[in-house]
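# Remarks on the overall topology
Below, each chain spelled out in residue letters.
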Amino acid sequence: MTNKLIYFIGNWKMFGDFSSIKIINKLNKFYSKFKKIHYRNKIILCVPYTLIHFFKEKNKSKHIYFGAQNCHQHQTNGPFTGSISASMIKKVGAQYVILGHSENRSSGDTNHKIRDKIKSALNEKLRIIFCIGETFKERKEKKTISVLRKQIKGSIDKKYNLNKIIIAYEPVWSIGTGNVPQKNELRKIFIFIKREIKKTFKIKSFPIVIYGGSVNAKNISMFSSISEIDGFLIGGASQSSKKFIDIIKNYYK
Ligand code: PGA
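Residues numbered from 1 in each chain as written. Predicted model: local features only at pLDDT ≥ 70, side-chain atom pairs only at ≥ 80, totals over all residues. Heavy atoms only, no water.

Turning our eyes to something else, we now look at helix H8 (residues 183–200). With 18 residues, H8 extends 26 Å from end C-alpha to end C-alpha; this agrees with the ideal 26 Å at 1.5 Å per step. Buried residues of H8: Leu186, Ile189, Phe190, Phe192, Ile193, Lys194, Glu196, Ile197 and Thr200, and no others. Contact partners of the buried residues in H8: strand E5 (127–132), helix H7 (144–155), strand E6 (165–169), strand E7 (209–212) and helix H9 (220–224). In the stretch just after H8, lysine 202 is the one whose phi turns positive, near 50°. (Helix = DSSP H or I, 4+ residues; strand = E, 2+ residues; numbered from the N terminus. Expected span 1.5 Å × (residues − 1). Buried < 20%, exposed > 50% of the residue type's maximum accessible area, 1.4 Å probe, protein only. Contact = heavy atoms within 4.5 Å.)

Given below as structure tokens:
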């Protein structure tokens, strides 16, 4: 089994309230023991804006990191009703932010807008979980590689610090559907993403690239056999402490 750092990132989406602290408590209990055995992993929970501060205050253990799921491209205050800036999420205690999720792309996030959001978040010293991925139609038309290339080049500026950006490959057709890519296909895509970014941005080592889309306790063993995968962005299954814990446990089986 690998000794490299593996990320288990929960994307709670529009889920949770103050009582959800019990999920965090259960995760902490499990993880404080587990970490001693498998210390090379990191748990990050990207929760609704409304819960970041509360969880940071209530969470006594240092094992779990918190993040937001989006931010506005304008870094600080401004006339943007209903929006939240990178500076605001940083102030309530977030260390990470998901940007470019397909659910936000489908409601108006373009590659260009995502690029501005990444810039604002980096300026606030947040780490980014930058989502890319093709739709079902694009996959059928064999456009996966060109779509990924366009998303990468369209949203990452040469000046950005790639060490602060985790790439999350999330095929849109896999999110919340129970369908996942075949092992060989997935491996090829991971190799492509890593090489493409290393070459384009002239960085010394490969970037961190994680997988997201219908990850569960059953299919995690297939993913864990792909050494190019550095972790997971887990949606539905991260809303249950048991499901999330089972994924982590089974990854190391
Ligand atoms: P899922 O979601 O695990 O429920 O498919 C993943 C995501 O949207 O990040």
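Further remarks concern unusual backbone geometry. Phi angles above zero are rare outside glycine, and lysine 13 is one such case at about 55°. Its location among the elements puts lysine 13 in the loop between strand E1 (6–11) and helix H1 (21–37). Although it is not a glycine, lysine 202 sits at a positive phi angle of roughly 50°. Structurally, lysine 202 can be placed in the loop between H8 and E7. With relative accessibility at 71%, the residue lysine 202 sits in the exposed group.

Glancing now at the packing of H7 against H8. A pair of packed helices is captured by two measures, namely the crossing angle of their axes and the spacing between those axes. The contact between H7 and H8 brings their axes to 11 Å, and the two run at 35°. Considering the relative orientation of H7 and H8, their crossing is right-handed. Contact residues: Thr144, Ile145, Leu148, Arg149, Ile152 and Lys153 in H7; Ile189, Phe192, Ile193, Glu196, Ile197 and Thr200 in H8. (Axes fitted to C-alpha atoms, helices over the stretch in contact; angles between N-to-C directions. Left-handed = near helix turned anticlockwise from the far one by under 90°.)

What follows concerns the site of the ligand. By nearness alone, every residue bordering the ligand is listed as Asn11, Lys13, His101, Glu170, Ile175, Gly176, Gly213, Ser214, Leu233, Ile234, Gly235 and Gly236. A distance of 2.6 Å is found between an oxygen atom of the ligand and a side-chain nitrogen or oxygen belonging to glutamate 170. Here an oxygen atom of the ligand and a backbone polar atom of glycine 236 are 2.9 Å apart. Relative to its free-state accessible area of 280 Å², the ligand is covered by the protein chains to the extent of 94%. Here the residues of the shell around the ligand are counted per class, giving 3 nonpolar, 7 polar and 2 charged. (Near = heavy atom within 4 Å. Polar contact = N/O pair within 3.5 Å; in protein donor to acceptor, adjacent residues only side chain to side chain. Areas by Shrake-Rupley, 256 points an atom, 1.4 Å probe, with all protein chains shown as cover. Nonpolar A, V, L, I, M, F, W, Y, C, P; charged D, E, K, R; others polar.)

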